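Notes for the structure review
Below, each chain spelled out in residue letters.
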Amino acid sequence: MLSLDPLGPKWDCPLGSKDLEEEEGPWGGGSGLPPPGCFPGSWHQDVGLDCKGSLEGAEARAWTVYYYSLLQSCLQQAGLPETQDRSQVPRTGNMLLCLSPTWLTKVPALGQPGEAVLLVSKAVSFHPGGLTFLDDFVPPRRATYFLAGLGLGPGRGREAAELARDLTCPTGASAELARLLEDRLLTRRLLAQHGGVAVPATLAFTYKPPALLRGGEASPGLRLVELSGKEDQQTLVKEEVGAFLHSGALADALQVAVKLSGWRWRGRQALRVYPRVELSTVVDTVLALLEKLEEEESVLVEAVCPPARLPFPGSPPPGPELAVRICAVVCRTQGDRPLLSKVVCSVGREDRPLRHQSSLPQTLEAALARCGLGEAGQVAVVRRRVKAAAEAALAAVLALEAGLSAEQRGGRRARTDFLGVDFALTVEGRVLTPVALELNSGLCLEACGALEGLWAAQRPRSAAEDAAAAPLVETMLRRSAHCLVEGKQLLLIGAGGVSKKFVWEAARDYGLKLHLVESDPNHFASQLVQTFIHFDVTEHRRDEENARLLAELVRARGLQLDGCFSYWDDCLVLTALLCQELGLPCSPPAAMRLAKQKSCTQLHLLRCHGPPWPAPSLHAVPCCPLESEADVEKAVHQVPLPGVMKLEFGAGAVGVRLVEDAPQCHEHFSQIARDLQGEADHPGIGLGWGNAMLLMEFIEGTEHDVDLVLFGGRLLAAFVSDNGPTRLPGFTETAACMPTGLAPEQEAQLVQAAFRCCLGCGLLDGVFNVELKLTGAGPKLIEINPRMGGFYLRDWILELYGVDLLLAAAMVACGLQPALPTHPRARGHLVGVMCLVSQHLQVLSSTASRETLQALHDQGLLRLNWLEEVLVPGEYEEPYCSVACAGSSPAEARLRLLGLCQGLGIDGPHYPVAHFLSHFK
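Model, not experiment: these values are computed from the prediction. Numbering of residues begins from 1 in every chain and follows the order in which that chain's sequence is written. A pLDDT threshold of at least 70 governs which residues receive local features in this predicted model, and a stricter bar of 80 or more applies before side-chain atom pairs are shown or counted, although totals over entire chains, interfaces and linings include all residues. Remark: hydrogens and water are excluded; side-chain values derive from all non-hydrogen atoms of the structure.

Digging into unusual backbone geometry
What counts is decided by this rule: Every helix listed is a DSSP run of H or I at least four residues long, and every strand listed is a run of E at least two residues long, numbered separately from the N terminus. Type-normalised accessible area, obtained with a 1.4 Å probe on protein chains alone, sets the label of each residue: buried when under 20%, exposed when over 50%, and partly exposed for intermediate values.
Here the bond from L728 into P729 is cis, since omega is 10 degrees, no more than 30 degrees from zero. Along the chain, the position of P729 falls in the loop between β24 (714-723) and β25 (735-738). That bond from M738 to P739 is cis: its omega, 0 degrees, falls within 30 degrees of zero. Turning to its location among the elements, P739 is positioned in the loop between β25 and α20 (744-761). Phi at E296 is positive, roughly 70 degrees, even though this residue is not glycine. Along the chain, E296 falls in the loop between α7 (279-290) and β10 (297-303). Judged by its relative accessible area of 43%, E296 is partly exposed.

If you want it as C-alpha cells, here you go:
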C-alpha cells in the first residue's frame, strides 16, 4: 500500500477566494514540505531511502523521510522493533509498504494493450513478531495486489492515482472510484434508494450533475435541484431553501449545515451550521458557495441530526449534552459479500462537531456508557443496526460498481475492497437509529487502528480487539492468489463425479488452464479443458508404468505445465509418481502410498515415537491387514473387539462395518471378497488396487474432520468440523457441523494430531483431509485422505471462511505458497445432514425432489451439495446429497435444519435427524 493520506485535514480552513491548489496546502499531498519535528523518538536516520535508478527531488525526499519516521513512530508506540535496513540482503514478504512513488514502476503488459504491470524496487516488508525490513529488490518484484492512499490534487496523490490505474493486478481502490465515494450527493441517493440506509434530509443544488445522478427515482428526504447556471439564482434558491426548511423531511432537526460536495472539497472546508429558522443566512451562504461550483459539484443544505438523548427513554444526565459519532469499517469478502469488521466511536459536546483525528477513539460500549446507555441489550441492538446499515452501504456501492465500465472504475481489476461509514446516532420514531453521514476510504480504518493502539504496548488484548483490517487483508490475499494462478497450466488426473462439478466453474473463474487425464472418454469435463488425454488410470498395480507413459504423452504434446494434482482418491498415488517423473512439486510417492493404504498408515505411525513429542504414535490405532481368511483368524486375536473392518484402499465409507466377534469378522470378509472384487463392481472407491481389508480397534468418541493446507512441511491453515453419530453397524456419515463446537484446547489437539500424522507419513505439500475421533485420551486417527476434503467440505469452508481449498491445492501444486489467515474467523455456522437413497427414496422422488431441493437452495433457504446423480439404491451406497442450514449460532442452524427436514420428510423414525444432530448441542 502506498501510504499517501495526510495525517489530518484542515477542518478550520476558512472559505476564501484563493485558488484551490494554494488552498490545499501540504496536507493534501500536493505541494510544500512536511511539518518538521512531528515524531519524538529514537531510531536510526542513516537508512537508504533512495531507490537505485530513480532519485527524488528535495521536496519528495522530505516526504519519504517523513513517512518513514511516521512508520517508526507507530512501531515504537506499539512496542515493536525499529525497521532494519536489509537492502543489501533483501528478504521476501507478502506485505510490502512503499513510502515513495519512486519505489514503484509501471511497465506495459505484454499481450494486454492498455494495461501495465506494477513492479516494486524498494519496500518495507513485514514479518511475524512485528519485524520490519527495508528491502531493495533486484530484479524488481511484481505486485499481485495494490492498495494506494489517494490524495488530492497534484503531487503524490496524483502519482498514486496514476500508479493504480489500469493495472494487470487487482487494486483495492482507484481515483475514479474514490471520486464517486466522495460525492456525498451521489452516495446519499445510492444509500437511500438501494441500500435502505437512513441519511440526513438533504437539499442539493447541482451544476451540470454527473451522469449517475441524472434521472432515476426520487429518494425520500433528498431533493435535487439542477441549475442551468451559477449566477442569478437568488429567487430559485430562496424558494427551494424556504420550502426545505419548513418541510416535514427535517423532522425534529433544529439546525442545518451548508457545505460543498465533490472530490475537490474533501476535508477542505469549514462546517457551516445555522439555526433552521435563519432562512436569509442559509440562502446567502448557498449563493456564495454557488460561485465556487464547477461541473458535477453541488451545494448541500442538510439536516443536522439531533443527538439521541441518553439514557433512552428517560431524562438526560446533568451536564453538557453529548453526541456520539459512530465509525464503521466494512470489507468486501468472498463472493462480494460485505462484512462489518469493526465499530469505533467518538464522543463530544453537541455544540462542537466531532471529526476524525480530533477526538479520542473508543468502543461502542464505552461511548454509549459515557452518554448514559450501559444496558447490554440496548447496546447490542445499536450494534446490530450499525452492522446492517454499514453492510448495506457497501452492498449498494458494490452494486453500483458492477454496472460501471473498466474505464469508469479506473481499470479492469479495480474494486472497492473496504469502506468507512460515518454515522450519527439519533432518534427516529422513538428508535435509536444510525444515520449515515458520509463514506470514506481510509479515515474510519485509521480510527480503528488508533483504537487498537491502546492495546499495542505490553497490555493484554481482548478478543474484541481483533484487527479491523483482518477481513481486508484476507481479501487482499485472496485477490492476490487469483492473480498468481491466472494462466497457470495444470495437469489434472481424474475428473471425478457429480460432486466435483464445482472444479470446472472455479477453474474458469480463476483463469486456470486445465489439462485432463481421464479414463472415461465421454466424461462431460472433456469439453471443458484445454487438453483431454484419454488414459485408463484404474489399474493401480501399474501406476509406476502408467506414470512413465503419461509423462511421455505430456512431453509429446508439448505441454508446458506449472503443476499437476488430483482430488480423486483413485488417482493420488499415480499423480505423485507423475509429478516425480515431470519434476513438478508434490508430496513423495512413498508418502502418498503410505497414506493411501490404511493399515500401513496406522502401523507406520505406531512406530513413530518421537522426538519431537507428542509423537504421532499417540494418535495411531492398532490394526491388522487382511488378505486371506487366515489373516482374519490371526487378527481377531491381536486386535481388541469390537473392531472396524474396512477396505485398505476404500473411499466413501463403502464396505466399512462394525464387527463384534470373530464370526462377524469372517462373514464380512467373505461378503466383501464376493461382492467387491474389482473396479467394475463399484467404480471410484479404489478397487483397482484390489479388495484387501484391515481390522482395526473400534474407538469410542466423537468424530471430526480436519482439513489441512501444508506447504514445505509447514501448517498454513486448518479447519475442523464435527460429525454426528454414524448409523451402525455401517459408518456412512449422517450429519456435520462447522465450525467445531469443541473447546479451543480440544480443537487445537485435533489440529496438531492431524498435522503430526501427515508429517509422520511424509506428507509435506498439499491439501489433506484427516478423519479423527476425540476420545478421553485425546485424538485418535481414523484415516488420512491425502487430497482435498470431499462431500460438502470445500463448499462449506469457502462459505464460512472465504478460503478455497481447490485454489490452495492448485497453488501448492504450482509451487506457490498460499497466503492464508492463520486464525480464520468463521462468518456463521452450518449444520447439515446426508440424504441416502436407501432411506429417502420416496421423499427424494416427491417432497424432497431434486427440483424442490434446488429451488430451496436457490432461494437461500438451505445449502445443497449433490453427491450422486441417480436414485439407485444399493447395499454399498454413498450419500446422495447433503442439505444444510446456516445460522448465526449452532443452535439456530440446527433448529432450522430440523424444521426443514421434518417439513420435507427427511426426518423420520427410520432416520432420526434430531438424534444425528444431538452431538452439536
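Next comes the rest of the write-up.
Side note on the packing of aromatic side chains
Within a pair of aromatic rings, the relevant descriptors are the distance that separates the centres and the angle that separates the planes. Which entries qualify depends on this criterion: Under the pairing criterion, centres of Phe, Tyr and Trp rings, with the six-membered ring standing for Trp, must be within 6.5 Å; the plane angle then separates stacked pairs below 30 degrees from edge-to-face pairs above 60, leaving the rest tilted. Note on criteria: charge over ring means Lys NZ or Arg CZ within 6 Å of the ring centre, with the direction from the centre no more than 35 degrees off the ring normal.
The tally for this structure, following the rule as stated, stands at 10 aromatic pairs. With 5.3 Å between their ring centres and 75 degrees between their planes, W63 and Y66 make a pair best called edge-to-face. With W63 and Y66 both in helix α2 (residues 58-77), this residue pair falls 3 residues apart, about one helical turn. Neither residue differs from the other here; W63 and Y66 are each classed as buried. When the centroid spacing of 5.7 Å and the interplanar angle of 75 degrees are considered together, the rings of W866 and Y880 count as edge-to-face. One end of the pair, W866, is in strand β29 (residues 863-866); the other, Y880, is in the loop between β29 and β30 (881-887), with 14 residues separating them in the sequence. You'll find W866 and Y880 in the same group, each marked buried. Here the aromatic residues W63, Y66 and Y67 are joined through ring pairs into a cluster of three or more. Between the NZ or CZ atom of K501 and the centre of the ring of F524, over which it lies, the distance is 5.2 Å.

Some details on helix α5 (residues 184-195)
Using the following cut-off: Distance and chemistry together define a polar contact, namely a pair of N or O atoms within 3.5 Å, with one atom able to donate a hydrogen and the other to accept it when in protein, and with adjacent residues in sequence counting only for side-chain atoms on both sides.
Here α5 lies mainly inside the structure; 10 of its 12 residues are buried. Among the residues making up α5, those that are buried are R184, L185, L186, T187, R188, R189, L190, L191, A192 and G195. In this structure D183 caps α5, since a side-chain oxygen of it lies 3.2 Å from the backbone nitrogen of L185. Looking at the residues trailing α5, positive phi occurs at G196, about 65 degrees.

Remarks on the packing of helix α15 (residues 572-582) against helix α16 (residues 589-596)
Two quantities define a packed helix pair, namely the angle between the axes and the distance from one axis to the other. This is how it is decided: Axis lines are fitted to C-alpha atoms, over the contacting stretch for helices. Their N-to-C directions set the angle, which ranges from 0 to 180 degrees. When an angle is under 35 degrees it counts as roughly parallel; over 145 it counts as roughly antiparallel; between 65 and 115 it counts as roughly perpendicular; any other value is oblique. What makes two residues a contact is simply this: any of their non-hydrogen atoms within 4.5 Å. Each residue gets one of three labels, nonpolar for Ala, Val, Leu, Ile, Met, Phe, Trp, Tyr, Cys and Pro, charged for Asp, Glu, Lys and Arg, and polar for the others, Gly among them.
Look at α15 against α16: their axes get within 8 Å of each other, and the N-to-C directions meet at 175 degrees. For the element pair α15 / α16, the angle class is roughly antiparallel. Contacts between α15 and α16 involve L572, V573, A576, L577 and Q580 on the former and, on the latter, P589, M592, R593 and K596. Residues that form the contact of α15 with α16 fall into these classes: 6 nonpolar, 1 polar and 2 charged.

A few points about the side chain of H668
Residue position: H668 is located in helix α19 (residues 662-675). Under the relative-accessibility criterion, H668 is labelled buried at 5%. When sequence neighbours within four positions are dropped, the list of residues in contact with H668 reads M645, G655, V656, R657, V659 and M693.

Re the sheet that holds strand β22 (residues 693-697)
Two orientations exist for strands paired in a sheet by backbone hydrogen bonds: parallel and antiparallel. The condition that has to hold: Two strands are counted as paired when DSSP detects at least two bridges linking them.
Spatial ordering of the open sheet is given by β19-β22-β20-β21, a layout of 4 strands whose pairing is antiparallel. The sheet terminates laterally at β19 (623-626) and β21 (657-659), the two strands that pair on one side only. Put simply, the sheet's adjacent strands are angled 25 degrees from each other on average, direction ignored. Where β19 and β22 come together, 4 bridges link them in antiparallel fashion. Among the inter-strand pairings, P625 is bridged to a residue of β22, identified as L694. Relative to β19, helix α18 (residues 629-638) is tilted by about 175 degrees, and along the sheet it contacts β19 and β22.

With respect to the confidence of the model for the chain
So the rule is basically this: pLDDT gives the predictor's per-residue confidence on a scale running from 0 to 100.
On average, residues of the chain score 86 in pLDDT, and 92% of them are at 70 or above. When mean pLDDT is taken per element in the chain, β25 scores highest with 97 and helix α1 (residues 20-24) scores lowest with 29. Taken together, the stretch residues 1-30 has pLDDT below 50 and engages in 86 contacts with residues farther than four places along the chain or on a different chain.

Describing the sheet that holds strand β9 (residues 272-275)
Strand order in the open sheet made by the 5 strands is β7-β6-β10-β8-β9, with mixed pairing throughout. The two strands at the open ends of the sheet, each matched to only one other strand, are β7 (222-227) and β9. Within the sheet, the average angular offset between the axes of one strand and its neighbour, ignoring direction, is 20 degrees. Here α7 sits on the sheet and contacts β6 (202-207), β7, β8 (255-261), β9 and β10; the angle it forms with β8, its principal contact strand, is near 5 degrees.

Brief notes about the environment of V283
Among the secondary structure elements, V283 is positioned in helix α7. Residues V283 and V241, 42 residues apart in the sequence, show an inter-C-alpha distance of 6.7 Å. Filtering out sequence-adjacent residues up to four positions away, V283 remains in contact with V237, K238 and V241.

Things to note about the pairing of strand β11 (residues 322-333)
Buried residues dominate β11, accounting for 11 of its 12 residues. Relative to strand β12 (residues 337-349), β11 is paired through 12 bridges, and the arrangement is antiparallel. From the neighbouring strand, L322 faces β12, where its bridge partner is R349. Taking the residues between adjacent antiparallel strands as the criterion, β11 and β12 are bridged by 3 residues, where G335 takes a positive phi near 75 degrees. Alignment of β11 against strand β13 (residues 418-428), held across 7 bridges, turns out to be antiparallel. Looking at β13, one finds that C327 is bridged to D422.

With respect to the pattern of salt bridges
Stated precisely, the cut-off is as follows: Throughout this description, the term salt bridge denotes a Lys or Arg side-chain nitrogen within 4 Å of a carboxyl oxygen of Asp or Glu.
Enumeration according to the criterion identifies 34 salt bridges in this entry. Salt-bridge contacts for R332 lead to D417; the nearest nitrogen and oxygen are separated by 2.7 Å. In this pair, R332 is assigned in strand β11 and D417 in the loop between α10 (406-409) and β13, connecting sequence segments 85 residues apart. Owing to a relative accessible area of 0%, D417 belongs among the buried residues under this scheme. A salt bridge links D509 to R508, with the shortest nitrogen-to-oxygen separation between them at 3.5 Å. Residues D509 and R508 agree in their burial class; the two are exposed.

Section: the packing of helix α6 (residues 234-245) against α7
This is how it is decided: With the far helix as reference, a near helix turned anticlockwise by less than a right angle produces a left-handed crossing, and one turned clockwise produces a right-handed crossing.
α7 packs onto α6 with a crossing angle of 130 degrees between their chain directions and a minimal axis gap of 10 Å. Classified by the angle between their axes, α6 and α7 sit oblique to one another. The handedness of the crossing between α6 and α7 is right-handed. Contacts between α6 and α7 pair Q234, V237, K238, V241, G242 and L245 from the former with L279, V282, V283, V286, L287 and L290 from the latter. Taken together, the residues that form the contact of α6 with α7 break down as 9 nonpolar, 2 polar and 1 charged.

Some points on the state of the cysteines
Each disulfide consists of one covalent bond between the sulfur atoms belonging to two cysteines. This is how it is decided: Count a disulfide wherever a pair of cysteine sulfur atoms falls within 2.5 Å.
For the coordinates displayed, the defined rule picks out 1 disulfide. What pairs with C327 in a disulfide is C444, and their sulfur atoms sit 2.4 Å apart. With C327 in strand β11 and C444 in helix α11 (residues 443-452), this pair connects stretches of sequence that are 117 residues apart. The exposure class assigned to C327 is buried, which follows from its relative accessible area of 4%. Residue classification places C444 among the buried positions, given a relative accessible area of 0%. Left without a disulfide partner, C305 is nearest to the cysteine sulfur of C345, which lies 15 Å away.

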